[in-house]
Amino acid sequence: MDLKVKGVSASLRSQTQPFSGRKMPLQQGWTSKSLAIQNAPCLPVVPPLDLGSLVDSDDEDQNIIPEDLPAPTGKYKLKYQQYKTEMKEGYKQYSRRNAEKTKSNLMHQLSPRNEIDDKCVQEKEAITDDLTTLDIKALLQQCYADNPYHAQHSTRKSNAEIEAAEKKKQTVTEQVMIDHLSRIRTHSTFTENMLSHKVQFDGRIISRNGRDACRELVGFFFIHDQSLTIYEYRQFGKNRTNVLPFIQKNIYTHQRGRRKGKRYQLGDFYVGANLTFSSSDHPRLPESIKENTLLILRITNIDRRALDSLSCRSNPIEHEDDITSQEANDRLVFKAIQDELKEQLHKRGVRILTGLRKYFQQLDKEGNGLLDKADFKQALKVFHLEVSEKLFESSWLILNDSGNGKVDYGEFKRAMIGEMNEYRKSFVRKAFMKLDFNKTGSVPIIDIRKCYCAKKHPQVISGHSTEEEIKLYFLETLKDVCSKSDEVSYGEFEDYYEGLSIGIVEDKDFVAILRTPWGI
């Protein structure tokens, strides 16, 4: 073993023997082991180094290079030349790509959305001059539809959601049966069979109060006596749940509309139907709900198997043809208005829907959500929404069924502009409820910033934008719709995605827009 320190050689046999570049053969009868044993007690002594003589010089590096190295062969020279050429070419390509990326980012910041990745503009019209910066930034959220959520992960999520829904259904059903059977002193199998002939449905409250809008309600309609009851399902953490009566079991009637005063029938229960109750008839309702005269509950899901089975057994409803025909005509009027406005809202939905909300709130001096005909006409004019006078008057006659000249502006907006289906709205609720873990009905902007993830945005993947840029665009457009600068209410959050929903045809694309950044 030879040791070499800054040009000073030392060996086991001779400290002055110069380095020869190869090992000396062992003497006869000697082995490596015996040589190591013999020399073990006497370790080689390395001369002390004179640190003062260590100076930087060009000659020092040359002294440690052996002079007897063989000259490089032609094959080695060729490989070295190839390596040198590849390195130069690679550096040129890197410089070119870096320059192109810098130019692309600069152009992207200065140009509208038609300069971004092709995937983000596929199947969309060219950006027109009447779009504002807010519209362009909001439309960036639609790009998530071009990068569908991972199918396998989505399937696992769906299976878990189905399993949780079944568990919730079973828990509520068991509690309902226990509550009603306990009130009957002598119950029998016949009584249990009567209670089992029911239709179960999920519902949500149509309210401007975010906490009430996010309540999870489960209802039951019993065929034998045409009664219904509604329970609230509450979950605390992962394992604790609570099921409490929200609307007591009784026979109820419609409180408004063409069927006002008529009992609820089996045909009144379908996804998208509204159930109306008088708040004064239910003193145990939360105070925030009793502030309004009517409690409006929207059916979001229903047990189709039970509904179809019971529909075949039930007797046909008498004197319903006239009412059904009138309701069909009402729907045609609203559909005609929505068709007129759909094209006007196609790429401006977020700005107009959220702007209308803020405008109506400013006009609502009394704070009860009711406005008159002149207010609604002025709002349509301010936001450049054109509706024919004939259709507007027809819609006003339908909405102003009470005849007091006032209509709730939330109901007016839903009727005139329309709203996303309950399947889409269920994902909006899931996203908001994930953010609103305290169930207050509003979420601080700082929490939204933490939870929003733009890693899978197509522009981030393609390198046109960074995660922080996409996140800032989203937060800027969301803050613009909020009445408070530091928090977002459920209604504002819903209106934002309601505006995005207008320009998206497929449900799966809209779901991808919510699943991808929010991880739901």
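Scroll up for the structure.
Below is a summary of the structure that appears in this document.

What counts, and at which threshold
Residue positions are given per chain, counting from 1 as you read along its sequence in written order. The predicted nature of this model means local features are confined to residues of pLDDT at least 70 and side-chain atom pairs, given and counted, to a pLDDT of 80 or more, with totals for whole chains, interfaces and linings taken over all residues. Side-chain calculation: all heavy atoms of the structure are included, whereas hydrogens and water are not. Secondary structure elements follow DSSP: runs of H or I no shorter than four residues count as helices, runs of E no shorter than two count as strands, and numbering proceeds from the N terminus. Three labels apply to residues, based on accessible area from a 1.4 Å probe with only protein chains included: buried if under 20% of the type maximum, exposed if over 50%, partly exposed otherwise in between. Whether two residues are in contact is decided by their heavy atoms: any pair within 4.5 Å suffices. Methods summary: accessible areas were calculated by the Shrake-Rupley approach with a probe of 1.4 Å, and residue burial reflects only the protein chains presented. In this analysis, axes come from line fits to C-alpha atoms, helices being fitted only over the stretch in contact, and the angle between any two N-to-C directions falls in the range 0 to 180 degrees. In this scheme, roughly parallel covers angles under 35 degrees and roughly antiparallel covers those over 145, while 65 to 115 is roughly perpendicular and the rest are oblique. It is the rotation of the near helix from the far one that decides the hand of a crossing: anticlockwise by less than a right angle makes it left-handed, clockwise makes it right-handed. Under the scheme applied here, ten amino acids are nonpolar (Ala, Val, Leu, Ile, Met, Phe, Trp, Tyr, Cys and Pro), four are charged (Asp, Glu, Lys and Arg), and all others, including Gly, are polar. Think of a nonpolar core as a cluster: buried Ala, Val, Leu, Ile, Met, Phe, Trp, Tyr and Cys residues, connected wherever their side-chain atoms sit within 4.5 Å. In this analysis the probe radius is 1.4 Å and the grid spacing 1 Å, with only protein atoms considered; a cavity is a set of points the probe fits into but cannot get out of, a pocket is an open set with protein on both sides within 12 Å along at least five of seven lines, and lining residues have an atom within 4 Å of a point. Grid points are joined across faces, edges and corners, and a volume is the space filled by probe spheres set on the points. Take the number of residues in a helix, subtract one, and multiply by 1.5 Å to get its expected span. Any two of the Phe, Tyr and Trp rings considered here, Trp counted by its six-membered ring, make a pair once their centres fall within 6.5 Å; the pair's planes then place it as stacked at under 30 degrees, edge-to-face at over 60, or tilted in between. Identification of polar contacts relies on pairs of N or O atoms within 3.5 Å, with a donor-acceptor requirement for protein atoms, meaning one able to donate a hydrogen and the other able to accept it, and with residues adjacent in sequence counted only if both atoms are side-chain atoms. The pairing criterion is simple: DSSP has to find at least two bridges between the two strands. A pairing counts as a salt bridge when a side-chain nitrogen of Lys or Arg comes within 4 Å of a carboxyl oxygen of Asp or Glu.

## Re the overall build of the protein chain
Working step 1: Across its full length, the protein chain carries 21 helices and 12 strands.
Working step 2: Of all 520 residues assigned to the protein chain, the portion counted as buried reaches 38%.
Working step 3: Nonlocal contacts in the protein chain, meaning residues at least 24 apart in sequence, comprise 65% of its contacts between residues at least 6 apart.
Working step 4: Approximately 31900 Å² of the protein chain is accessible, and the part contributed by carbon and sulfur atoms is 52%.

## With respect to the environment of Ile 448
Working step 1: Mapped onto the elements, Ile 448 comes out in helix H17 (residues 445–451).
Working step 2: The exposure class assigned to Ile 448 is buried, which follows from its relative accessible area of 1%.
Working step 3: Remark: the alpha-carbon pair of Ile 448 and Leu 435, spanning 13 residues in sequence, is separated by 7.0 Å.
Working step 4: Those residues in contact with Ile 448 that sit more than four places away from it in its chain are Leu 435, Val 443, Phe 474, Leu 475, Leu 478, Val 488 and Trp 518.

## Topic: the packing of helix H16 (residues 422–435) against helix H20 (residues 490–502)
Working step 1: Two numbers describe how H16 lies on H20: the axes approach to 10 Å, and their chain directions differ by 140°. In terms of orientation, H16 lies oblique with respect to H20. H20 is crossed by H16, and the crossing has right-handed handedness. For the pair formed by H16 and H20, the contact residues are Arg 424, Lys 425, Val 428, Arg 429, Ala 431, Phe 432 and Leu 435 on the first element and Tyr 490, Phe 493, Glu 494, Tyr 497, Glu 498 and Ser 501 on the second.
Working step 2: Tallied by class, the residues present in the contact of H16 with H20 amount to 7 nonpolar, 1 polar and 5 charged.

## Topic: the side chain of Asp 212
Working step 1: Counting through the fold element by element, Asp 212 comes out in helix H8 (residues 210–213).
Working step 2: Once residues lying within four places of it in the same chain are set aside, the contact partners of Asp 212 are Ile 205, Ser 207, Ser 288 and Ile 289.

## Regarding the nonpolar core
Working step 1: Counting 39 residues, the largest nonpolar core has Ile 448, Phe 474, Phe 493, Tyr 496, Tyr 497, Leu 514 and Trp 518 as its most contacted members.
Working step 2: Listed by contribution, the elements that provide at least two residues to this core are H16, H17, helix H19 (467–480), H20 and helix H21 (507–518).
Working step 3: Ignoring anything within four residues of it in the chain, the contact list for Phe 474 reads Gln 141, Ile 448, Tyr 452, Tyr 496, Tyr 497 and Trp 518.
Working step 4: Counting 29 residues, the second-largest nonpolar core is a separate cluster that includes Ile 398, Leu 399, Phe 412 and Ile 417.

## So, empty space enclosed by the protein
Working step 1: Scanning the model with the defined rule gives 1 cavity of 30 Å³ or more in all.
Working step 2: The calculated volume of the largest cavity comes to roughly 70 Å³.
Working step 3: At the level of elements, helix H5 (133–139), helix H12 (349–363) and H20 are the ones that each hand at least two residues to the lining of the largest cavity.
Working step 4: Taken together, the residues of the lining of the largest cavity sort by class into 4 nonpolar, 5 polar and 4 charged.

## As for H20
Working step 1: In this model H20 runs 19 Å from its N-terminal to its C-terminal C-alpha over 13 residues, within 8% of the 18 Å that 1.5 Å per residue would give.
Working step 2: Most of H20 sits inside the fold, with 13 of its 13 residues counted as buried.

## Focus: the packing of aromatic side chains
Working step 1: Inspection of the entire model under this criterion finds 21 aromatic pairs.
Working step 2: Ring geometry for Phe 360 versus Phe 376: centroids 5.6 Å apart, planes at 75°, classification edge-to-face. With Phe 360 in helix H12 and Phe 376 in helix H13 (residues 373–382), this pair connects stretches of sequence that are 16 residues apart. Here the two residues Phe 360 and Phe 376 agree in accessibility, since each one is buried.
Working step 3: Here the aromatic rings of Tyr 452 and Trp 518 are separated by 5.3 Å at their centres, their planes lie at 75°, and the arrangement is edge-to-face. With a gap of 66 residues between them, Tyr 452 in the loop between H17 and helix H18 (458–462) and Trp 518 in helix H21 connect regions that are remote in the sequence.
Working step 4: The exposure class assigned to Tyr 452 is buried, which follows from its relative accessible area of 2%.

## Examining helix H15 (residues 409–417)
Working step 1: Within H15, 8 of the 9 residues are buried, leaving the element largely enclosed by the surrounding structure.
Working step 2: Taken as a whole, H15 has its buried residues at Tyr 409, Gly 410, Glu 411, Phe 412, Lys 413, Ala 415, Met 416 and Ile 417.
Working step 3: The residue sitting at the N-terminus of H15 and contributing the capping side-chain oxygen is Asp 408; that oxygen lies 2.9 Å from the backbone nitrogen of Gly 410.
Working step 4: Gly 418, located one to two residues past H15, shows a positive phi value of around 95°.

## Focus on the side chain of Ser 279
Working step 1: Relative to the helices and strands, Ser 279 is located in the loop between strand E7 (274–278) and helix H9 (287–290).
Working step 2: In contact with Ser 279, other than residues within four places in its own chain, are Leu 285, Ile 289, Lys 290, Asn 292, Thr 293, Leu 294 and Leu 295.

## Some details on the pairing of strand E8 (residues 294–302)
Working step 1: For strand E3 (residues 198–205) and E8, the ladder comprises 5 bridges, and the chain directions are antiparallel. Along E8, the bridge assignment pairs Asp 202 with Asn 301.
Working step 2: Where E7 lies against E8, 5 bridges are found, and the strand directions are antiparallel. When the bridges of E8 are listed, Asn 274 appears paired with Arg 298.

## A closer look at the pairing of E3
Working step 1: With 7 of its 8 residues buried, E3 lies for the most part within the structure.
Working step 2: Strand direction decides the pairing type here: E3 and strand E4 (residues 216–222), joined by 6 bridges, are antiparallel. Opposite Lys 198, over in E4, you have Phe 222 as the bridge partner.

## What about the pattern of salt bridges?
Working step 1: Overall, the coordinates contain 30 salt bridges when judged by the stated rule.
Working step 2: A salt bridge links Lys 137 to Glu 476; the shortest N-O distance between them is 2.3 Å. In this pair, Lys 137 sits in helix H5 while Glu 476 sits in helix H19, placing the two residues 339 residues apart along the sequence.
Working step 3: Arg 256 is the salt-bridge partner of Asp 401, the closest N and O atoms lying 3.2 Å from each other. Taken together, the residues span a long stretch of sequence, with Asp 401 in the loop between helix H14 (389–399) and strand E10 (407–408) and Arg 256 in the loop between strand E6 (240–250) and E7 at a distance of 145 residues.
Working step 4: Under the relative-accessibility criterion, Arg 256 is labelled partly exposed at 23%.
Working step 5: One connected set of salt bridges, linked through shared partners, spans Arg 204, Arg 298, Glu 419, Glu 422, Lys 425, Glu 494 and Glu 498.

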